[in-house]
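# Structural overview
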Amino acid sequence: MTLREDTIGIALGPIALLRSANASATAPRVLALHGWLDNAASFVPLAPLLGDVDLVAPDLPGHGRSAHLAAGADYSFAGAVNAVLDIADAVGWERFALLGHSMGAGIGSLLAAACPERVERFVAIEALGALAEEPERTVTRLRDAVAASRALRDKRLRVFPDIATAVRARMKANALSEPVARLLVERGLAPAPASLDEAGSGSIGYVWSSDPRLTLPTMLRTTEAQVRNLVEGIACPTRVIHADPAQPYLPEDLRRARAALLPHGELRVLPGGHHLHMEDPRAVAEVIGDFFRTGR
């Protein structure tokens, strides 16, 4: 499978995406949702190994080459659900499968639970449901998030002199190999605005193209009881893929407990890191197998 670049329009603005260039007319439709501060390039290593599927991998709002939310708007999983539905509508899909990684799997969980009439199947990599919060931390989280939001206006964008420097920064931040980091970075950079050129040299490098508001803490999170109810509401066949060792924010016992709540779900665990679908795409593709084609 080869991927081609495309852009569609939805209510909030232009959405950049990568899409299968040679899928057959009967190929399963798969909407691929990337992780936090990643972009559509997240699925470039995996796509050629999925066989005949019509894959659409958008840069989610605020990420990659897609539009940012309007001033004053707030990024949230719940808000992203309508954006993803708008994307599906724009490409003409009434029913489709979901493939999500990390944040994308969290958004996919909400969408699969909310719209069972539209989601046929779901592969969730390194997340299921959403990050939960203890109820007694609600006020603390809210205060911290509001303070961070008000302070963001005074922060300056980090400027990288060249792409290689940005790649090294991403490798260090997420323990990624150089080829994987480069895929994400090259799609996630933009020329630095002239206003940041304090020396007046006219050539100052690159900044992240993602919306800085994505780095803000979430103001309100669901409780674990709410997340479990959400997972129980995912009616479609679901395959969950997690890496071993587990991430600190989703320990082994918790992720197994959540997966066990799926009415039609199964959990597979593979050795690797958080971006295992990029670092070891062949192993992930083998676990996915013909899951998207089953039952069609």
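For the structure itself, look to the data block above.
Now for a look at the structure at hand.

Basis of the calculations
- Residues numbered from 1 in each chain as written.
- Predicted model: local features only at pLDDT ≥ 70, side-chain atom pairs only at ≥ 80, totals over all residues.
- Heavy atoms only, no water.
- Helix = DSSP H or I, 4+ residues; strand = E, 2+ residues; numbered from the N terminus.
- Expected span 1.5 Å × (residues − 1).
- Buried < 20%, exposed > 50% of the residue type's maximum accessible area, 1.4 Å probe, protein only.
- Contact = heavy atoms within 4.5 Å.
- Polar contact = N/O pair within 3.5 Å; in protein donor to acceptor, adjacent residues only side chain to side chain.
- Phe/Tyr/Trp six-rings, centres within 6.5 Å; stacked < 30°, edge-to-face > 60°.
- Lys NZ or Arg CZ within 6 Å of the ring centre and 35° of its normal.
- Core = buried A, V, L, I, M, F, W, Y, C linked by side-chain atoms within 4.5 Å.
- Pairing = 2+ DSSP bridges.
- Salt bridge = Lys/Arg side-chain N within 4 Å of Asp/Glu carboxyl O.
- Axes fitted to C-alpha atoms, helices over the stretch in contact; angles between N-to-C directions.
- Parallel < 35°, antiparallel > 145°, perpendicular 65-115°, else oblique.
- Nonpolar A, V, L, I, M, F, W, Y, C, P; charged D, E, K, R; others polar.
- Disulfide = S-S within 2.5 Å.
- Patch = residues over 30% accessible without salt bridge, like charges linked within 9 Å, V, L, I, M, F, W, Y side chains within 5 Å.
- Areas by Shrake-Rupley, 256 points an atom, 1.4 Å probe, with all protein chains shown as cover.

## Some details on helix α4 (residues 163-174)
With 12 residues, α4 extends 17 Å from end C-alpha to end C-alpha; this agrees with the ideal 16 Å at 1.5 Å per step. For α4, the complete set of buried residues consists of Thr165, Ala166, Val167, Ala169 and Arg170. Residues of α4 that are buried in the fold lie against α5 (178-187), β7 (189-191) and β8 (206-208). Sitting at the amino-terminal end of α4 is Asp162, which places a side-chain oxygen 3.4 Å from the backbone nitrogen of Ala164. Backbone geometry just downstream of α4 places Ala175 in the positive-phi region, at approximately 55 degrees.

## A word on the packing of aromatic side chains
Counting across every chain of the model gives three aromatic pairs. For the pair Phe291 and Phe292, a centre-to-centre distance of 6.0 Å together with 65 degrees between the ring planes defines the contact as edge-to-face. Judged by relative accessible area, which is 4%, Phe291 ranks as buried. For Arg121, the ring lying beneath its charged end belongs to Phe291, and the centroid distance is 4.4 Å.

## Concerning the nonpolar core
Considering soluble globular proteins, one finds that nonpolar side chains tend to be buried as a cluster. If you look at the biggest cluster of nonpolar residues, it comprises 38 residues, and the most contacted ones within it are Leu31, Phe96, Leu98, Leu111, Phe122 and Leu128. Counting 25 residues, the second-largest nonpolar core is a separate cluster that includes Leu18, Leu50, Ala57 and Ile288.

## Let's talk about the pairing of strand β1 (residues 3-10)
With eight bridges connecting them, β1 and strand β2 (residues 13-20) associate as antiparallel partners. Paired with Glu5 across the two strands is Leu18, which belongs to β2. Taking the residues between adjacent antiparallel strands as the criterion, β1 and β2 are bridged by two residues.

## Observations concerning the pattern of salt bridges
When the charged atoms of two side chains lie near each other, side chains of opposite charge can form a pair. All chains considered together, the criterion is met by 21 salt bridges. Across the pair Arg187 and Glu5 runs a salt bridge, and its minimum N-O distance is 2.8 Å. Taken as a pair, Arg187 in helix α5 and Glu5 in strand β1 lie far apart in primary sequence, 182 residues in all. Looking at Arg187, the relative accessible area reads 6%, which means it is buried. It is possible to trace a salt-bridge network through shared partners that takes in Glu5, Asp59, Arg65 and Arg187.

## Let's talk about the packing of helix α1 (residues 77-90) against helix α2 (residues 103-114)
The geometry of α1 relative to α2 is characterised by a closest axis approach of 9 Å and an angle of 75 degrees between their N-to-C directions. It follows from the interaxial angle that α1 and α2 lie roughly perpendicular. Taking contact as the criterion, the partners of Phe77, Ala78, Ala80, Val81, Val84 and Leu85 in α1 are, on α2, Met103, Gly106, Ile107, Leu110 and Leu111. Of the residues assigned to the contact of α1 with α2, the class counts are 10 nonpolar, one polar and no charged.

## Overview of the state of the cysteines
Counted under the stated rule, the structure contains zero disulfides. As a non-bridged cysteine, Cys115 has Cys236 as the owner of its nearest cysteine sulfur, 11 Å distant.

## Overview of a nonpolar patch on the surface
Residues Leu142, Val146 and Leu220 make up a contiguous nonpolar surface patch of about 250 Å² in total accessible area. Residue position: Val146 is located in helix α3 (residues 138-151).

## Quick word on unusual backbone geometry
Cis peptide bonds are those with omega within 30 degrees of zero, and the linkage from Asp244 to Pro245 qualifies with 15 degrees. Counting through the fold element by element, Pro245 comes out in the loop between β9 (238-244) and α7 (252-260). One non-glycine residue, Ser102, lies in the positive phi region at around 55 degrees. For Ser102, a relative accessible area of 15% corresponds to the buried category. If you check the backbone angles, Ala175 has positive phi at about 55 degrees while not being a glycine. Its place among the elements puts Ala175 in the loop between α4 and α5.

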